[in-house]
Each structure stands twice: as structure tokens, then as C-alpha cells.
Amino acid sequence: MLDKNRYDRQIKLRGFGIEAQQKLLSAHVLVIGAGGLGCPALQYLAASGVGTIGIADDDKVSLSNLQRQVLYTAEDIGKLKTKVACKRLSLMNPDISINIISEKITTKNAVAIISDYDLILDCSDNFPTRYLIDDACRILKKTLIFGAIYQYEGQVAVFNIPDKEGTTTSYRNLFPEPPRPDEVSDCNEAGVLGVLPGIIGTWQATEALKIITGLGHTLANKLMTIDLLDNQTAIYDIPADLQHPNLPLTIEDFELMNYEEHCGIGRTVNTISSSEFSELAKAPDTMIIDVRNLDELPKIDLPYLAIPLSELNGNFSKIQHKNIIVICQSGKRSEIGAKLLQENLGSEYTISSLEGGINQLKKSENE
Amino acid sequence: MTNIKIITFGRLKEILGSDVELQAETTDELLNKIISDFPLMKDLKLRIAVNQKIISDNTKLNNNDLVALMPPYSGG
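The shown structure was predicted, so the numbers you read here are calculated from the model rather than taken from an experiment. Counting from 1, residues in each chain are numbered in the order their sequence is written. Here every chain gets a letter starting at A, and every ligand a number starting at 1, in the order they are written. Given that this is a predicted model, residues contribute local features only at a pLDDT of at least 70 and side-chain atom pairs are listed and counted only at 80 or more, while totals for whole chains, interfaces and linings are drawn from all residues.

## Section: the overall build of chain B
(1) Moving on: Secondary structure elements follow DSSP: runs of H or I no shorter than four residues count as helices, runs of E no shorter than two count as strands, and numbering proceeds from the N terminus. Secondary structure assignment for chain B yields 2 helices and 5 strands.
(2) Moving on: Listing the helices and strands of chain B from first to last along the sequence gives β-α-β-α-β-β-β.
(3) Moving on: At 12 Å, chain B has a C-alpha radius of gyration in line with the 11 Å of a compact globule built from 76 residues.
(4) Moving on: In terms of principal-axis extent, the alpha carbons of chain B reach across some 40 × 25 × 20 Å.
(5) Moving on: As a rule, residues whose C-beta atom has 12 or fewer other C-beta atoms within 10 Å are exposed, those with 20 or more are buried, and those in between are partly exposed; C-beta atoms are placed from the backbone. Going through the 76 residues of chain B one by one, you find that 34% of them count as buried. Only the C-alpha atoms count toward the radius of gyration. The rule for a globule is 2.2 Å times the residue count to the power 0.38.

In C-alpha cells form, the structure reads like this:
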């Protein structure tokens, strides 16, 4: 069954042997995302003889992928990444079985997909998918090997493996809540050095091989950072406390989540311009909420409710009107405030943010 | 005085620069100083580590402590 010649160089390793090779053969590893991180991870997992590999991705190969996604060639442009990857990996190692899942991972299919595997690699490229995978793996108690990149820097961590005290951590222990969509750029916007996902994806594969074979020490409950420009690496302890008020704790809760919305995507805040403001402010059942700090000037001449943005969260009960216009100095805090209200008040409320804030309002009054 | 060396990652490096030194007795004080100099930092989700241990609460700092400010990355 096991081809000793193919795996000779690792079977020879001190501490490895046939036994470790056999463990790899029996392992089921799922790689979510067959892009920059997924390509190198898949190549080394397949080459080292992981017996069953799942590849989940709904994307097709494009020209701008080829700078770093080393499984694909110019001939593959337009083809499904899962299909091309499966073909290449099977040519490299025909002894293993590869399952492809060519659809987007969602709350509806995640539990069924993940349940078939012992170990999951998060090689995805967006926060909704990352939080979805993390919540699913925590609930299902599946080992998750996390990797993420930004320009010249990478992060690797291993989640849901208990340490000696039985403590486990997940991505939520590290970043309890997703950042706002405008906070962190992805590779499309910020660019990425091609070798970076090569290094980080290969590190994820290394952790997978160590966990399966029991060799060495893993990054469980630790975050490793790598900065290529300065050749700096560091390992940080992840705290055990999970600080998030409404995490999905069961499969049922998880399936009700909307991760796009959870990450602030897909639902935008309605904005009104300074020219529309005075008219809309007079509409029936309307309240203006000023989310600036109490000492900020100038104030507006219309009735308003003053709740600083930092206190908005605990003061939803003060809001008695159905039409709400959130204002601040420049329109930035009011947008965040309006989003917060949208997330917490029911759909019967109409919430908008004053674009350009009071600055713009005063400017147009003077024109 | 308590001198603190700060290392930054991701976008924080663009905002703050890569090697920053500040004087602060606690992590809260440090963060407040940073936010007053760089208001952009106020609304960013980040994790703070003191000497490679990620902290959740305000933490006392000692001279020459190394504080890391880390944002999440999404790229893959």
C-alpha cells in the first residue's frame, strides 16, 4: 500500500519512520482557499503523502493570480481552481485521494464539509469566510491552522488544540470582532509579495504535518508573525479569555449567522446630503442624534439628542422615533453610529447618516 | 521614566512608522498617547502584546518593555 521509495527521504528522518508516514496516509485534511496560501500548502501536503485532501474554492484562475499561485499556468486562466489544482496534485502524487468542493463555503454547507476532515487549513482571503471557518471549527472542535497575509507580513496560528491545562483558543480569542470593511485591505487593494503566501502557506502545511505525526511543538494557542522586509519573526501567546458577547455556540446558532453582515459587508448605511437635511429633519417621527462628544461645536438649530458615539451602545432605549438621522462633525462617526443602530434596532427603523457632517452643513448654509 | 519600544504591523506601520518609542506607565496610557498623536488609530481593531504576551486588560509597563500592536490580516 505505502510506497516506501516515494517517501524514502522523510521515512529516513529521525523520529519519523513508517509510523509517521502511515499517519499521514490515514489523515483527512481540508484546505479552504486554493489561492496564494492554498497552492503551496496543497503541494506539500500532497507531496508528503497526506492520504485524503479536500480543496474548497469557488474561484477561477485569473492572470493576476499567477504571480503567487504557483499551481496554475497561463493555460489555466478562466478554469476552476479546484479542478486545475486537483489535476496537478494527482499528477504529482497519484497515490492520494483528492476531493474538490467548487462552491463557496457558507453557513449551510460548512458543517457537512468540515465534518469529513480531521484538520482544516484556513487559506481564505476575506474576513467573512475566516470568521465563518473559525466559528464552525470551534463548535465542531476541529483543529484549525490559520494563515493570513498583508503585503510583506504574515500570521500563522493553530486553534482548537487543548494545551496541558486543557485550554483551547480560536481566532475569536485573537480578534473577537471583525474589523470594519474599510480598516484592513486585502491583497487586491494592498498588493502582496509573491513569495509571502509561499512562506506562510508552507508554514501552515508544516504545522499540519507536525500535528498529524506528533512531531515537535505546534503553534497551538500561539500566533506567529513573520515580517519579510526586516527578517523578523515572533511568537505571541494568545489569551484564553473569549471576549465576545454573541458568539454562535451551537450548530443551530451558527447556521443562522450572516457573516457578510457580521463583517459589515453587504449592508451599507443610507446617507443624506446637507441639502436634503433640513427637509428630511422635518419629516414626522424623526429624531436627530448628534454622536459627537458633548463639548464639540457648533451645535445645530434643530432639536436633537446628544449621545456620544462611545456611549451609543448602551443608550438604544433613549431612541423613541422611527426615523433617525445621525450627525457628527465630518460624517465619519455618524456613519459608524448609523451602522451600529442598524445592527441593533429593528428593521422598522429608517436610519441615515449626514454626509460631510455639520462642517458641510454650515458650509452650504453660508454659500 | 518608563521607556517603551513599540513594534507595529500591517497598516499600523504605515500610520505610526515601524519603530516608535514612547513613555508610558500602562498600556492604556500608551494607547491614549498614540491615539492623541494619531487620531486614525482610534477606531482600528488591534491587539496589544507586552513582551510577546497578548493582553486583554490594562497592563502595567516596565522600563524597556516591548509592546506590539497587531491588526488582523485578511489576505490569502
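Let's pick the thread back up.
## Observations concerning the interface of chain A and chain B
(1) Moving on: Between chain A and chain B, the residue contacts involve 36 residues of the former and 18 residues of the latter.
(2) Moving on: Within the residue set of the side of chain A that touches chain B, elements represented by two or more residues are α6 (127-140), β5 (143-150), β6 (153-159) and β8 (232-237) of chain A.
(3) Moving on: By residue class, the composition of the side of chain A that touches chain B is 19 nonpolar, 9 polar and 8 charged. Here, residues touch in the contact sense if the C-beta positions derived from the backbone fall within 7 Å of one another. Residues were grouped as follows: Ala, Val, Leu, Ile, Met, Phe, Trp, Tyr, Cys and Pro as nonpolar; Asp, Glu, Lys and Arg as charged; and all remaining residues, including Gly, as polar.

## Here's the deal with the domain arrangement of chain A
(1) Moving on: Segmentation into domains, and thus their bounds, comes from an automatic or database assignment. Parsing chain A into structural domains produces domain 1 (8-262) and domain 2 (270-366).
(2) Moving on: Distance from the C-alpha centre of domain 1 of chain A to the C-alpha centre of domain 2 of chain A: 42 Å.

## Here's the deal with the environment of Lys210 of chain A
Residues and elements named next belong to chain A.
(1) Moving on: Checked against the element boundaries, Lys210 lands in helix α9 (residues 195-213).
(2) Moving on: Separated by 148 residues in the primary sequence, Lys210 and Ser62 place their C-alpha atoms 33 Å from one another.
(3) Moving on: Residues in contact with Lys210, not counting those within four places in the same chain, are Leu215, Gly216 and Thr218.

## Quick word on the pairing of strand β12 (residues 323-327) of chain A
All names here are of chain A.
(1) Moving on: Across the 5 residues that make up β12, a large majority, 4, are buried.
(2) Moving on: When DSSP finds at least two bridges between two strands, those strands are taken to pair. Pairing analysis gives 5 bridges linking strand β10 (residues 286-290) to β12, with the strands arranged parallel. Paired with Ile288 across the bridge in β12 is Ile325.
(3) Moving on: Bridge analysis of β12 against strand β13 (residues 350-354) gives 4 bridges, and the strand direction is parallel. By the bridge assignment for β13, Ile324 is matched with Ile351.
(4) Moving on: Here is how to tell: hold the view so the strands point away, follow the path from the first strand over the helix to the second, and if it runs clockwise the crossover is right-handed. Traced from β12 through helix α14 (residues 332-344) to β13, the parallel crossover comes out right-handed.

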